[in-house]
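Structural characterization, general
If you want the building blocks of each chain, they are given just below.
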Amino acid sequence: LLEEEMVQRIKSGDKAAFSALMEAYQRKIYSVALGIVRNPEDAMDIAQETFIRAWTKIASWRGDASLSTWLCRIASNLAMDTIRKRKRVLPMADIELSAAENNLEAEVIRAEEKRALDQAIAELPEDYRCLVVLRHTAAMPYQDMADMLGLSLSQVKNRLLRARQMLKTSLSGGYK
Amino acid sequence: MMEKDCASLRELIWADIDKELSPEGQLELNMHLAICPDCREYRDEAQVLSVQLESCMLTDPPADLVAPVWAEIARRRNLRLARAVAITVGVMAFLGFSSGIILLWALKTLNLTWIPNLLSSFWNMIKVLGDSWLTVSEHLLDSYWLSLSVLTAINLAMLLRVIGFKSIKGGNA
């Protein structure tokens, strides 16, 4: 109900409601974009473009999918377009890791884990990586991913399974 | 046989972690996990990986991500408006210019003298009809003229009544 109220306010031109929406979803949208394109500058452009399109196309949101799924779908489509144009994925080293502030040792371990995970994700095939990002960043349902990527439900399950197996294999040779 | 079952159940394990497993699948998975330590170990590792992925893949965006969005929305709106105005002005200018060209060409190329000739002929016909009627009426006897006028008036009245009746009937319908 809260989501529908927010959308109704945005549809009526309420900028404050849309600003609240951007604040609420910017982390998730940016993470989806970054997970797919692997480049912070592109991810920022994609996140901004996602919100611009959301503002101009909010009337087309019918409530079939959650607002989060709808936004993630826009972001992932833009990210996939960016990859198709660029035709290459940047290496992991280009992604900055957040600096440790309080518990330095724990943060360093976490940063190492993140680095290894990011490396493993970057090595996934493009379509597998997209599924993993959408699932683990946006918690997108299988059926929504299938609809968005033009796959069958069984293909989504199968590719996700393969992607995760590849991640496990990759990580088992790393920090684990 | 067991190996094949384990391989096929990996998908169910992940569906369970993703909260996408049907009740039937859940029952099948639980039954298998109860007797298979390998799959229990796989499930535990998968859960750890899932948590790691979810925690590591969410990245804080730059602080200035949202701020430029409104400016860009306004810039694009102004651009669309300017484009619409430019297209409208362009179309109107094109239509005006091409209409002028066609008119000039028509005036110079086509022989349009038939238009005043036609109007003149029409006016002459009216004048001839009027003169003829006056000539006829001058030669008619007064009584004949009177009876003709009465008959004409009666015909007109009948005509008007029929027309009026039809219009009233149509109006009510």
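Numbering of residues begins from 1 in every chain and follows the order in which that chain's sequence is written. Chain letters and ligand numbers both follow the written order, the letters beginning at A and the numbers at 1. This being a predicted model, a pLDDT of at least 70 is required before a residue's local features are given, and a value of 80 or more before pairs of side-chain atoms are given or counted; all residues contribute to the totals for chains, interfaces and linings. The side-chain numbers reported here are obtained from all heavy atoms of the structure, hydrogens and water having been left aside.

1. Here's the deal with the side chain of Arg10(B)
Working definition: helices are DSSP H or I runs of at least four residues, strands are E runs of at least two. Numbering for both runs from the N terminus. With respect to the helices and strands, Arg10(B) occurs in helix H1 (residues 2-17). Type-normalised accessible area, obtained with a 1.4 Å probe on protein chains alone, sets the label of each residue: buried when under 20%, exposed when over 50%, and partly exposed for intermediate values. In this tally, Lys and Arg are treated as positive and Asp and Glu as negative; His is ignored, and so are the chain termini. One side-chain nitrogen of Lys or Arg within 4 Å of one carboxyl oxygen of Asp or Glu is enough to make a salt bridge. One buried charge, Arg10(B), has no salt-bridge partner; the nearest side chain with opposite charge is Asp38(B), at 6.3 Å. Residue contacts are defined here by distance: any two heavy atoms, one from each residue, within 4.5 Å place the two residues in contact. Residues within four places of Arg10(B) in sequence aside, it is in contact with Leu161(A), Gln165(A), Cys39(B) and Tyr42(B).

2. Let's talk about the confidence of the model for chain A
Residues and elements named next belong to chain A. Here chain A averages 84 in pLDDT, while 85% of its residues score no lower than 70. At the low end of the mean pLDDT range in chain A sits helix H5 (residues 104-122), at 77; at the high end sits helix H3 (residues 40-57), at 94. The score called pLDDT rates the predictor's confidence residue by residue, from a low of 0 to a high of 100. Under a pLDDT of 50 for its full length, residues 91-101 has, in the predicted model, 14 contacts with residues more than four places off or in other chains.

3. With respect to the interface of chain B and chain A
Taken together, the contact between chain B and chain A spans 31 residues of the former and 40 residues of the latter. When two parts are put together, the accessible area they lose, computed with a 1.4 Å probe and summed over both, is reported as buried area. With both chains or domains summed, chain B and chain A bury close to 3,700 Å², and 63% of this area falls on carbon and sulfur atoms. Counting across the chain B and chain A interface gives six salt bridges. Glu45(B) is the partner of Lys168(A) in a salt bridge, and the nearest nitrogen-oxygen pair spans 2.6 Å. For the side of chain B that touches chain A, the secondary structure elements donating two or more residues are H1, helix H3 (37-57) and helix H4 (67-109) of chain B. When residues of the side of chain B that touches chain A are assigned to their parent elements, the largest contribution, 11 residues, is made by H3(B). Taken together, the residues of the side of chain B that touches chain A break down into 17 nonpolar, four polar and 10 charged. For this scheme, ten residues count as nonpolar: Ala, Val, Leu, Ile, Met, Phe, Trp, Tyr, Cys and Pro. Four count as charged, namely Asp, Glu, Lys and Arg, and the remainder, Gly too, count as polar.

4. Section: the packing of aromatic side chains
Working definition: a ring pair exists when centres of Phe, Tyr or Trp rings (six-membered ring for Trp) sit within 6.5 Å. Plane angles under 30 degrees give stacked, over 60 give edge-to-face, the rest tilted. Tallied over the entire structure, the rule returns three aromatic pairs over all chains. Between the aromatic rings of Phe18(A) and Trp70(B), the centroid separation amounts to 5.6 Å while the plane-to-plane angle is 70°, which identifies the pairing as edge-to-face. Pair noted here: Phe18(A) is in helix H2 (residues 15-37) and Trp70(B) is in helix H4, and the two residues belong to different chains. For Phe18(A), a relative accessible area of 0% puts it in the buried group. One aromatic cluster in this structure is built from Phe18(A), Trp55(A) and Trp70(B). Counting as a charge over the ring demands two things of the Lys NZ or Arg CZ atom: a distance within 6 Å of the ring centre and an angle within 35 degrees of the ring normal. Here the guanidinium or amino end of Arg10(B) rests over the ring plane of Tyr42(B), the centre of that ring lying 4.1 Å away.

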